[in-house]
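Survey of secondary and tertiary structure
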Amino acid sequence: MDLRVRSRSRRSSEKEDQSPFPHSTTAAAGGQGRGEEEEEEREGEEEMDEEQPLSPAARLFIQRNFDCHVIAILGLGRPVDVATCISNLGLTLGKHPRFCSIMIWVFFVVVVVDVFGEVFPIERNRDIPLSGYVTLLQDESGSRAPKWIRTKVCIPDHVVTPPLEEGKELPPGFVEAYVGKITGMPLDKSKPLWELHLLNGKTQDAGATAVLKIHHSLGDGISLLSLLLACTRKVSDPESLPTIPRPRRRGSERKKGLLSFLAGLWLLLQVMWYSLIDCFLLMATALFYKDTNNPIKGSKGMESRPKLIVHSTLSLDDIKLVKHAISGTVNDVMLGLATAGFVRYMNRRYAKKNGVDDEKPSIPSNIRVRTTLLFNTRETPGLHELAEMMKGNANVKWGNKLGYMIIPIPMKIHKDPMDYVRQAKAIADRKKMSLEAYFSYYGGLLIAKLFGFKLATAMCHNILANTTFSFSTVIGPTEEVEFFGNPIVYIAPTVYGHPHALTVHFQSYANKVKLVISVDEESVPDPRQLCSDIEDSLAKMKNSLNKKIGDKIEILSTQK
């Protein structure tokens, strides 16, 4: 009997099964039936792009204990025209490859076909010589590989409009409760993993609210927010994309001479030394090195619990005033603000626990608290590139390439509020001379290849579980923008699904900064108090600087 051996990719069709999870199937087909099936498959593939495998980071974000989502809350100037919004989504986000793809686990089944067209599946562990006949396609686990499969997206299925009386003011806390509810509801995995909720009711801050929920496997947070902003246009010029300030880079001019060479050598040695220390501490954190148990650390199972998301507004001008005073960056000030507010909040929690006045230092002296910062190792595409990609005119690199950076938070109460920012600048400057984030990303890839994806996932999970909270900052447009013709009042993004009970996020927009706090209420029952502590910290810093400026002016006037 003449045998031919071949490899077939088996996956459930959309009509039969929309679920991304594998189901057992039987391998059986006659000659004519198999030919019709393969012809239909080819016709379907002509309408869709080729299958794309999930990146390692995307696979991390679909694990049961790491099912992460990005939430972006947009305050809008007026109620949303739902029909117009759906139409525009189909021309923008609906054309992005990830926003019109579903996640499917693909099985690779080896079959033997005899001369009569009979098909016989071969078990993988069966002792049969396959060498020279077929190459088995499989992932590291040896059985299945998750892939993105392009599909026809129905935009109305992704837009949720709860029944609200348009223009009527919503009760206080309604939006927060609504967002908290959807954080506890999983996305439908038979469709592309995103949805947009439109709340056409007035709030204290906006005329309507849009909530975009995206699974983190679709991309890193910064790229997803950039993609959202690529759908917006300037209010002052509806044909122009928003302006996003680029981080300033140091001059590339190279000075020659012995002193320049020695300075470069010293910088190289510092980078190597700090990277070695940080990478050692990162590995220790992934294995056993934990933060001190404190009131903020979450309990087991917090990843899957609904989150309460609150936000408040800070003045970007005030932050820049503090920035110039320390000759630092806006990110330095934001880290200092988060530290100052966090220390104040923690001191109050410990004082309440000990039954003492919260004005007295109550934080244990030997406490260890660290925050985890996700760092994108790939440069984020520009808004113009993303806009062209959604039109199908550009090929932009996409996917999660995230590394971890662990930042220590000194739990010391300072009399001078500016000391928090100076301390944060020193820590940030020290971290800038480390390759820790790149080591965590490429090291994770190496561990996944050598020891399997389960171990790599467990280590990534431990890095977060063994630290206290997450921290991030994102630069937004420098001027007001509109979303499909509707002016945006504020942008408040965050992430949930990771093993942290507290996530602190800063988002700049025009001349404001949104402070967004996402919490597990079991660990942080009063997130608005933490918001207030951070706001008060900025006010104290501003007053301290104004007082010093006033004192200097008074001294100069006295000297005259």
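Analysis parameters
Residues numbered from 1 in each chain as written. Predicted model: local features only at pLDDT ≥ 70, side-chain atom pairs only at ≥ 80, totals over all residues. Heavy atoms only, no water. Helix = DSSP H or I, 4+ residues; strand = E, 2+ residues; numbered from the N terminus. Buried < 20%, exposed > 50% of the residue type's maximum accessible area, 1.4 Å probe, protein only. Contact = heavy atoms within 4.5 Å. Areas by Shrake-Rupley, 256 points an atom, 1.4 Å probe, with all protein chains shown as cover. Axes fitted to C-alpha atoms, helices over the stretch in contact; angles between N-to-C directions. Parallel < 35°, antiparallel > 145°, perpendicular 65-115°, else oblique. Nonpolar A, V, L, I, M, F, W, Y, C, P; charged D, E, K, R; others polar. Pairing = 2+ DSSP bridges. Patch = residues over 30% accessible without salt bridge, like charges linked within 9 Å, V, L, I, M, F, W, Y side chains within 5 Å. Salt bridge = Lys/Arg side-chain N within 4 Å of Asp/Glu carboxyl O. Phe/Tyr/Trp six-rings, centres within 6.5 Å; stacked < 30°, edge-to-face > 60°. Lys NZ or Arg CZ within 6 Å of the ring centre and 35° of its normal. Expected span 1.5 Å × (residues − 1). Left-handed = near helix turned anticlockwise from the far one by under 90°. Disulfide = S-S within 2.5 Å.

What about the overall build of the chain?
Looking only at helices and strands, the chain features 13 helices and 18 strands. In the chain, which comprises 560 residues, the proportion classed as buried is 48%. Considering only contacts within the chain whose residues lie at least 6 apart along the sequence, 81% involve residues at least 24 apart. When the accessible surface of the chain is split by element, carbon and sulfur atoms take 54% of a total near 29,400 Å².

Some thoughts on the packing of helix H6 (residues 258-287) against helix H12 (residues 453-465)
Contact pair H6 / H12: the axes reach a minimum separation of 7 Å and the direction vectors enclose 100 degrees. Compared by their axis directions, H6 and H12 come out roughly perpendicular. Residues Leu-282, Met-283, Thr-285, Ala-286 and Leu-287 of H6 lie in contact with H12, whose contacting residues are Met-459, Asn-462 and Ile-463. Looking at the contact of H6 with H12 residue by residue, the classes come out as 6 nonpolar, 2 polar and no charged.

As for the sheet that holds strand S12 (residues 370-376)
Within the open sheet, the 6 strands sit side by side as S11-S18-S17-S14-S12-S13. Their pairing is mixed. Edge positions in the sheet fall to strand S11 (308-315) and strand S13 (402-408), since each of these pairs with one other strand and no more. In this sheet, adjacent strand axes meet at a mean angle of 25 degrees when their direction is disregarded.

Let's talk about a nonpolar patch on the surface
On the surface, Leu-258, Leu-259, Phe-261, Leu-262, Leu-265, Trp-266, Leu-268, Leu-269 and Met-272 cluster together into a nonpolar patch covering about 1,000 Å² of accessible area. You can see Leu-268 is positioned in helix H6. With relative accessibility at 46%, the residue Leu-268 sits in the partly exposed group.

A word on the packing of aromatic side chains
Enumeration over the complete set of coordinates arrives at 6 aromatic pairs. When the ring centre of Tyr-490 is taken as reference, the NZ or CZ atom of Lys-514 above it lies at 4.6 Å.

Focus on helix H10 (residues 418-431)
Within an α-helix, residues lying three or four positions from one another point in the same direction, as the helix has 3.6 residues per turn. Here H10 contains 14 residues, and its C-alpha end-to-end distance of 20 Å stays within 8% of the 20 Å for a straight helix at 1.5 Å per residue. Every buried residue belonging to H10 is among Met-418, Tyr-420, Val-421, Gln-423, Ala-424, Ile-427, Ala-428 and Lys-431, and all of these are buried.

Overview of the pattern of salt bridges
Enumeration according to the criterion identifies 16 salt bridges in this entry. Here Glu-176 makes a salt bridge to Arg-528, at a shortest N to O gap of 2.2 Å. Of this pair, Glu-176 sits in helix H4 (residues 174-183) while Arg-528 sits in helix H13 (residues 527-559), and the two are 352 residues apart along the sequence. Given a relative accessible area of 48%, Arg-528 falls into the partly exposed group. The closest approach of N and O atoms between Arg-370 and Asp-291, which form a salt bridge, is 2.6 Å.

A word on helix H5 (residues 221-229)
When you tally the buried positions in H5, you get 7 out of 9 residues, the bulk of the element. Looking only at H5, the buried set comprises Ser-223, Leu-224, Leu-225, Ser-226, Leu-227, Leu-228 and Leu-229.

Considering the packing of helix H7 (residues 316-326) against H10
Interaxial distance between H7 and H10 falls to 10 Å at its minimum, and their mutual angle equals 65 degrees. Taken together, the axes of H7 and H10 lie roughly perpendicular to each other. Every pair of crossing elements has a handedness; the one defined by H7 and H10 is right-handed. On H10, the residues touching Val-322, Ala-325 and Ile-326 of H7 are Met-418, Val-421, Arg-422 and Lys-425.

Remarks on the sheet that holds strand S8 (residues 194-199)
Overall, mixed pairing links the 7 strands, which are arranged S7-S8-S9-S3-S16-S15-S10 in an open sheet. Here the strands that pair on one side only, and so sit at the sheet edges, are strand S7 (159-160) and strand S10 (232-234). Pairing analysis gives 8 bridges linking strand S3 (residues 69-76) to strand S16 (residues 486-496), with the strands arranged antiparallel. Residue Leu-76 lies in a different strand from S16, and its bridge partner there is Ile-488. Lying on the sheet, helix H3 (residues 82-91) is in contact with S7 and S8; it crosses S8 at an angle near 160 degrees. Where H5 meets the sheet, it contacts S3, strand S9 (208-215), S10, strand S15 (481-483) and S16, and its direction lies at approximately 35 degrees from that of S3.

Considering the side chain of Thr-468
One can find Thr-468 in the loop between H12 and strand S14 (469-474). Judged by its relative accessible area of 1%, Thr-468 is buried. The residues contacting Thr-468, other than those within four sequence positions of it, are Asp-291, Asn-294, Ile-296, Lys-297, Phe-342, Val-369, Arg-370 and His-500.

Regarding the state of the cysteines
For the structure on display, the rule yields 0 disulfides. Cys-85 provides the cysteine sulfur closest to Cys-231, a residue in no disulfide bond, and the two sulfurs are 9.8 Å apart.

Some remarks on the environment of Ser-226
On the secondary structure map, Ser-226 appears in helix H5. A sequence separation of 249 residues divides Ser-226 from Ile-475, and the C-alpha atoms of the two residues are 9.7 Å apart.

Things to note about the environment of Val-271
Structurally, Val-271 is set in helix H6. In this structure, the C-alpha to C-alpha distance between Val-271 and Lys-431, residues 160 residues apart in sequence, is 9.4 Å.

Considering unusual backbone geometry
The phi dihedral of Ser-327 is positive, around 55 degrees, even though this residue is not glycine. Note that Ser-327 resides in the loop between H7 and helix H8 (330-354). One non-glycine residue, Ala-510, lies in positive phi territory at about 55 degrees. Relative to the assigned elements, Ala-510 resides in the loop between strand S17 (502-509) and strand S18 (512-519). Accessibility expressed as a relative area gives 16% for Ala-510, which makes it buried.

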